[in-house]
Amino acid sequence: MPAGSRRTKRKPGGRVRIVGGAWRSRLIDVPASPDLRPTPDRVRETLFNWLGQDLSGLACLDLFAGSGVLGFEAASRGAAHVVMVEHDRRALASLRAGRASLAADQVEIVSGDAFEYLAHAQQSFDVVFLDPPFRQNALPAALAALPPHLKSGARVYVEAVRPLQPQPPWDELRRGRAGQVSYQLLQWSADDPSRLSGNV
């Protein structure tokens, strides 16, 4: 999860602990890069309390994967398929190492640009994690591109400097703040996402 101009106090690199599920307390490596800012433990705990601790059978997308910790947390809680999209070489190597160490066969790692992935992917998802680089202001465009890939009632987690003000067919389910980062859980409420565009 790349960082923007705003920095957190978390030091780059090191290891991140999975906080719940089958792999609880397992550690995954994070490259020593200032462009990665894994979602903190307590925010992940809150997020998965919101989502429910059992994600059995769900398809999840970690679109700007970075450390991959959100996707691994979902897989740890039983998600049937988790797609992680990342373009940074060091982050990709770390994601592959994490998948191997956890024997996470349900995790698919895609090397490439998030928007190119959305332009060509055919799969639809129940849960999406969106933590794009703050400096790129990519969140509105990412949300607008998501609907063709969302199942009805899909939930989308977003991190940003400021909270979004979602408009129908987006609904805000929950909201929180940790330091300089706002985080929200949105729900796509359209009956037929393939025919509608998202508005935020």
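The structure this text deals with has already been given above.
Report follows, based on the coordinates. (Residues numbered from 1 in each chain as written. Predicted model: local features only at pLDDT ≥ 70, side-chain atom pairs only at ≥ 80, totals over all residues. Heavy atoms only, no water.)

## A closer look at the overall build of the protein chain
Argument step 1. When helices and strands are tallied, the protein chain shows 5 helices and 9 strands.
Argument step 2. The helix and strand sequence of the protein chain, counted from the amino end, reads β-β-α-β-α-β-α-β-α-β-α-β-β-β.
Argument step 3. Taking all 200 residues of the protein chain together, the buried fraction comes to 53%.
Argument step 4. Roughly 9,100 Å² of accessible area belongs to the protein chain as shown, and the carbon and sulfur atoms make up 46% of that amount. (Helix = DSSP H or I, 4+ residues; strand = E, 2+ residues; numbered from the N terminus. Buried < 20%, exposed > 50% of the residue type's maximum accessible area, 1.4 Å probe, protein only. Areas by Shrake-Rupley, 256 points an atom, 1.4 Å probe, with all protein chains shown as cover.)

## Points about the pattern of salt bridges
Argument step 1. Counted by the stated rule, this structure contains 7 salt bridges.
Argument step 2. For the salt bridge of Glu 73 with Arg 77, the shortest nitrogen-to-oxygen distance reads 2.5 Å. Each of the two residues, Glu 73 as well as Arg 77, counts as buried.
Argument step 3. A salt bridge links Asp 126 to Lys 151; the nearest nitrogen and oxygen atoms lie 3.4 Å apart. On the criterion of sequence distance, the pair formed by Asp 126 in strand β6 (residues 125-130) and Lys 151 in strand β7 (residues 150-160) is long-range, its members being 25 residues apart.
Argument step 4. With a relative accessible area of 17%, Asp 126 lands in the buried category.
Argument step 5. Where salt bridges share partners, they join Arg 17, Asp 41, Arg 44, Glu 73 and Arg 77 into one cluster. (Salt bridge = Lys/Arg side-chain N within 4 Å of Asp/Glu carboxyl O.)

## Looking at the pairing of β6
Argument step 1. Burial analysis of β6 places 6 of its 6 residues in the buried class, which makes it a mostly covered element.
Argument step 2. As paired elements, β6 and β7 share 5 bridges and run parallel to each other. Along β7, the bridge assignment pairs Phe 125 with Leu 150.
Argument step 3. Each parallel crossover has a hand, and for β6 linked through helix α5 (residues 139-145) to β7 it is right-handed. (Pairing = 2+ DSSP bridges. Right-handed = clockwise from strand over helix to strand, strands pointing away.)

## Re the packing of aromatic side chains
Argument step 1. Tallying each qualifying case throughout the model produces 5 aromatic pairs.
Argument step 2. Relative to Trp 188, the ring of Trp 170 has its centre 4.9 Å away and its plane inclined at 65 degrees; by these criteria the two rings are edge-to-face. In this pair, Trp 170 is assigned in strand β8 (residues 170-178) and Trp 188 in strand β9 (residues 181-188), connecting sequence segments 18 residues apart. A single burial state applies to Trp 170 and to Trp 188, both of which are buried.
Argument step 3. Three or more aromatic residues joined by ring pairs form one cluster here, namely Trp 50, Tyr 157 and Tyr 183.
Argument step 4. Over the aromatic face of Phe 48 sits the side chain of Arg 77, whose NZ or CZ is 4.2 Å from the ring centroid. (Phe/Tyr/Trp six-rings, centres within 6.5 Å; stacked < 30°, edge-to-face > 60°. Lys NZ or Arg CZ within 6 Å of the ring centre and 35° of its normal.)

## Side note on helix α1 (residues 41-51)
Argument step 1. All of the buried residues in α1 are Val 43, Arg 44, Leu 47, Phe 48, Trp 50 and Leu 51. Viewed end-on, α1 has its buried residues packed into an arc of 150 degrees, placing them on one side of the element. Projecting away from the buried face of α1 at angles above 90 degrees are the exposed residues Arg 42 and Asn 49.
Argument step 2. The elements touched by buried residues of α1 are β1 (14-17), α2 (69-76), β6, β7, β8 and β9.
Argument step 3. Gly 52 sits one or two residues past α1 and shows a positive phi near 95 degrees. (Arc of directions from axis to C-beta. Contact = heavy atoms within 4.5 Å.)

## Describing the side chain of Arg 155
Argument step 1. Summarising the element assignment, Arg 155 is placed in strand β7.
Argument step 2. Within the buried set, Arg 155 has no salt-bridge partner at all; the shortest N-O distance to an opposite charge, 7.4 Å, is to Asp 126.
Argument step 3. Only 3.0 Å separates the side chain of Arg 155 from the backbone oxygen of Leu 51, close enough to count as a polar contact.
Argument step 4. Contact partners of Arg 155, with chain neighbours within four places excluded, come to Trp 50, Leu 51, Leu 58, Asp 126, Val 127, Val 128, Leu 173, Leu 185, Leu 186 and Gln 187. (Lys, Arg positive; Asp, Glu negative; His and termini not counted. Polar contact = N/O pair within 3.5 Å; in protein donor to acceptor, adjacent residues only side chain to side chain.)

Interpretation in functional terms is not warranted from these geometric data alone.
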